[in-house]
Each structure stands twice: as C-alpha cells, then as structure tokens.
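Next come the chains, spelled out residue by residue.
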Amino acid sequence: MPSENHPSQSGAAAPEALRDLLVEMNDLKRVRSAGRTGSIAERLFAQGWGLLTGGTPPEDVALDITATTLAATRLCDLDAAFLTAAGLSEEAASAVLVAGFDAVTGDLDLDLRARLRARLAPRPAGNPGPLPGFVGALAQQPRAGVTCPGRARILLEPPENHAEHCLIVAAYGVCLSPFYRADPGTVFLAAMAHHFHNAAMPDAGFTGEMLLGDHLGPIMATTTAWALAELSEPLRGQVERARAVLPDDATAEGRAFHAADCIDRVLQIAQHLRGASTTMGMVLDEWELVHAGPVKGFHDRVLADMRIP
C-alpha cells in the first residue's frame, strides 16, 4: 500500500547525487546484442511482467529487476544467463554481476543498496507466467518524440518504445523511493503499468492529447481497461491499486513515480543532444578511442599520416 505523505528530509525535490547513475542507466534503452530481440530495457520489461503473472510478489519483482538493471548498466548483456552458459559457476557469475552493480551504485541509499545487492546472489529463479498481449504491443509502440500544441513535432531517430520507457521509469522509481520514503514495490508496479493505454492507443504526444479534447479521458479509460482485462486476480487488483498513485504528487509514491517519469523523458532527449554535440577530440582524448596497448604508437602515426581526424 502507498506510504504516508512525508516530505524528503533534505527539502530538495530530488536527489542530485543519483544524476550520473540515472543518465547511465538510460542507455539500456539503446543496448542490443546478437541473438536477442530488442534492447535490454525492452527485455527486462517483459521479464518483469513474466515474473508478475507467474505469481512473484511485486516488491520481489521490483528488487530483482532493478538489481539486474543496475548490474547491466556497465555489464550490458554479460548477464547471468550468458556467464553460466559460457562456463562460469553460479557463484562466479554472481560475483561478476555484483562487481558491475558495485561500480555504479555508490550513491544509492545504503539500505536499498544492500537489499538490491542481495538479489544478485545465486538463488532459485521465479517461475514466469504467460506474457499478456500488452507487453509485446508496448514494445512495438513508438514514443511520440517532442510535441507541443501549435508546433511541428521533433522526431529523434531511433525512437524509444513504451516498454523501454516504462522499464526505466520503474527502475528509476525504485532507486528514488528512499528519498521520497515511498514503497518501492508500489512505485515499480505503477511505472510498469502507467502506459497501459498505449498498448492500443498510438502515441501522438501532448499535441494529440490536446486535440482529442474531452474525448481523451474516455479513450484512455477504454484502452487501459483492455490491458487490465488481460491480468488475472490478484495481480489485476494489485496493479489497479498501484496505478492509483499516478494522477498526482499527493503521495510519496506519486512523487517518486513522477520524478522518475520526468527524469526519463528529459534524459531520453538529452541523450540525442549529447551524441550530436560530441567532438572527435573528446572521443580520442577523454574516451581514449585509440587506447593504450602495444600498437598505440603505430595507431597514432597512422592517424597522423592520414590526417584523421
């Protein structure tokens, strides 16, 4: 159940210390690997819903999926399935995942960090249930891009999809939950379900919503009901109760969700702008594209003689 309405201890609206982590996590919407369909974020969205329909309690799913997301932030698809298939024991694979987790989580709330870290230890996996149709539909539904009534939209390619957005907002929400004293399971479930309407409803953005006028509410209610109808009890009731925090910031869970949603929407656009403003000097000097090694000197002479860049 949602927690009581407590302000954060610092008086700030959000924890600035988590900024760099959230920026880096956002890239999981764009990381793909051979033999695996969709981005890491898209696949974790499906994994989360599979655990939920299989009967795993929402708070356990929230911690499991968020811990996996944090480990993947640096390790990408070097996950437990790959590492054990490549010959590592479960204990060795867990140690690798924990190393990836530790590399990015130094600024997380200490209690939450310990709970998430424990989820990467070897243990029996939950039994996934059938995936509802809305999972695949949200993965196929592109986000609208930047829209504003009275203006042409700004499309940035490739677009993210709604499954990716929901997963990252859910993981952000768990990471932010201690700051707002929010229940992480409620925030996670609300975020995973907050775009149910877009499983059937194409995304025309803020502009389209304004043009629909009084029709927007009924259409969203109808399309949300279609998605909810795919869930059985008790999960359906759990999702409906979690979604009750979505309309406003009157609860701690509502604030954690809306902070996560706002941050993700802006960081998605910032990623495109960051890529467009990156210079070759930054790539060579700061990111060491031609990195140290036995042939570094030769590489540098080749580039100099070819006048590259």
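The preceding data block contains the structure.
Residues numbered from 1 in each chain as written. Predicted model: local features only at pLDDT ≥ 70, side-chain atom pairs only at ≥ 80, totals over all residues. Heavy atoms only, no water.

**Here we look at unusual backbone geometry**
A negative phi angle is the norm for most residues apart from glycine, just as the trans form is the norm for most peptide bonds.
Part 1 of the argument: Cis geometry is adopted by the peptide bond preceding proline 234, which originates at glutamate 233 and carries an omega value of 5°.
Part 2 of the argument: Relative to the assigned elements, proline 234 resides in the loop between helix H11 (216–228) and helix H12 (235–243).
Part 3 of the argument: Within the chain, arginine 181 stands out as a residue other than glycine whose phi angle is a positive 55°.
Part 4 of the argument: Checked against the element boundaries, arginine 181 lands in the loop between helix H8 (162–180) and helix H9 (184–192).
Part 5 of the argument: For arginine 181, a relative accessible area of 36% gives the class partly exposed.
Part 6 of the argument: The backbone of glutamate 288 sits at a positive phi, close to 50°, despite the residue not being glycine.
Part 7 of the argument: Structurally, glutamate 288 is set in the loop between helix H14 (280–286) and helix H15 (296–305). (Helix = DSSP H or I, 4+ residues; strand = E, 2+ residues; numbered from the N terminus. Buried < 20%, exposed > 50% of the residue type's maximum accessible area, 1.4 Å probe, protein only.)

**Quick word on the pattern of salt bridges**
Part 1 of the argument: By the definition in use, this model includes 19 salt bridges.
Part 2 of the argument: When the shortest N-O distance is used, the salt bridge between arginine 19 and aspartate 20 registers 3.3 Å.
Part 3 of the argument: On the accessibility criterion, aspartate 20 (56% relative accessible area) is exposed.
Part 4 of the argument: Between lysine 29 and aspartate 264 there is a salt bridge, and its shortest N-O distance comes to 2.8 Å. Residue lysine 29 is located in the loop between helix H1 (19–26) and helix H2 (40–53), and its partner aspartate 264 is located in helix H13 (residues 252–277); the two are separated by 235 residues in the primary sequence.
Part 5 of the argument: With relative accessibility at 0%, the residue aspartate 264 sits in the buried group.
Part 6 of the argument: Connected via shared salt-bridge partners are Lys29, Arg143, Glu160 and Asp264. (Salt bridge = Lys/Arg side-chain N within 4 Å of Asp/Glu carboxyl O.)

**Re the nonpolar core**
In summary, soluble globular proteins display a tendency toward joint burial of nonpolar side chains.
Part 1 of the argument: Phe45, Trp49, Phe134, Phe196 and Val239 are the most contacted members of the largest nonpolar core, which totals 75 residues.
Part 2 of the argument: With 13 residues, the single largest contributor to this core is H8.
Part 3 of the argument: Those residues within four positions of valine 239 in sequence are excluded, and the remaining contacts are Trp49, Leu189, Ala193, Phe196, Leu228 and Leu231. (Core = buried A, V, L, I, M, F, W, Y, C linked by side-chain atoms within 4.5 Å. Contact = heavy atoms within 4.5 Å.)

**Structural notes on the side chain of histidine 165**
Part 1 of the argument: Structurally, the position occupied by histidine 165 is in helix H8.
Part 2 of the argument: Sequence-distant contacts of histidine 165, that is, excluding residues within four places in its chain, are made with Lys29, Arg143, Glu160, His194, His195, Asp261, Asp264 and Arg265.

**Quick look at a nonpolar patch on the surface**
Part 1 of the argument: Nonpolar side chains collect at one region of the surface, where Val295, Phe298, Val302, Met306 and Ile308 lie side by side and expose about 470 Å² of accessible area between them.
Part 2 of the argument: Its place among the elements puts phenylalanine 298 in helix H15. (Patch = residues over 30% accessible without salt bridge, like charges linked within 9 Å, V, L, I, M, F, W, Y side chains within 5 Å. Areas by Shrake-Rupley, 256 points an atom, 1.4 Å probe, with all protein chains shown as cover.)

**As for the environment of valine 96**
Part 1 of the argument: Its place among the elements puts valine 96 in helix H5 (residues 90–104).
Part 2 of the argument: Valine 96 sits in the partly exposed class, given a relative accessible area of 28%.
Part 3 of the argument: Each C-alpha atom of the pair valine 96 and alanine 292 lies 24 Å from the other, and the pair is 196 residues apart in sequence.
Part 4 of the argument: Apart from the residues lying within four places of it in its own chain, the contact partners of valine 96 are Leu75, Leu83 and Leu88.

**A short note on H2**
Part 1 of the argument: The first and last C-alpha atoms of H2 sit 20 Å apart over 14 residues, in line with the 20 Å expected at 1.5 Å per residue.
Part 2 of the argument: With 11 of 14 residues buried, H2 is to be regarded as a mostly interior element.
Part 3 of the argument: Looking at H2, one finds that the buried residues are Ile40, Ala41, Glu42, Leu44, Phe45, Ala46, Gly48, Trp49, Gly50, Leu51 and Leu52.
Part 4 of the argument: Among the structural elements, helix H3 (58–75), helix H7 (133–140), H8, H9 and H12 are those in contact with the buried residues of H2.
Part 5 of the argument: Of the residues one or two after H2, glycine 55 is the one with positive phi, at around 100°. (Expected span 1.5 Å × (residues − 1).)

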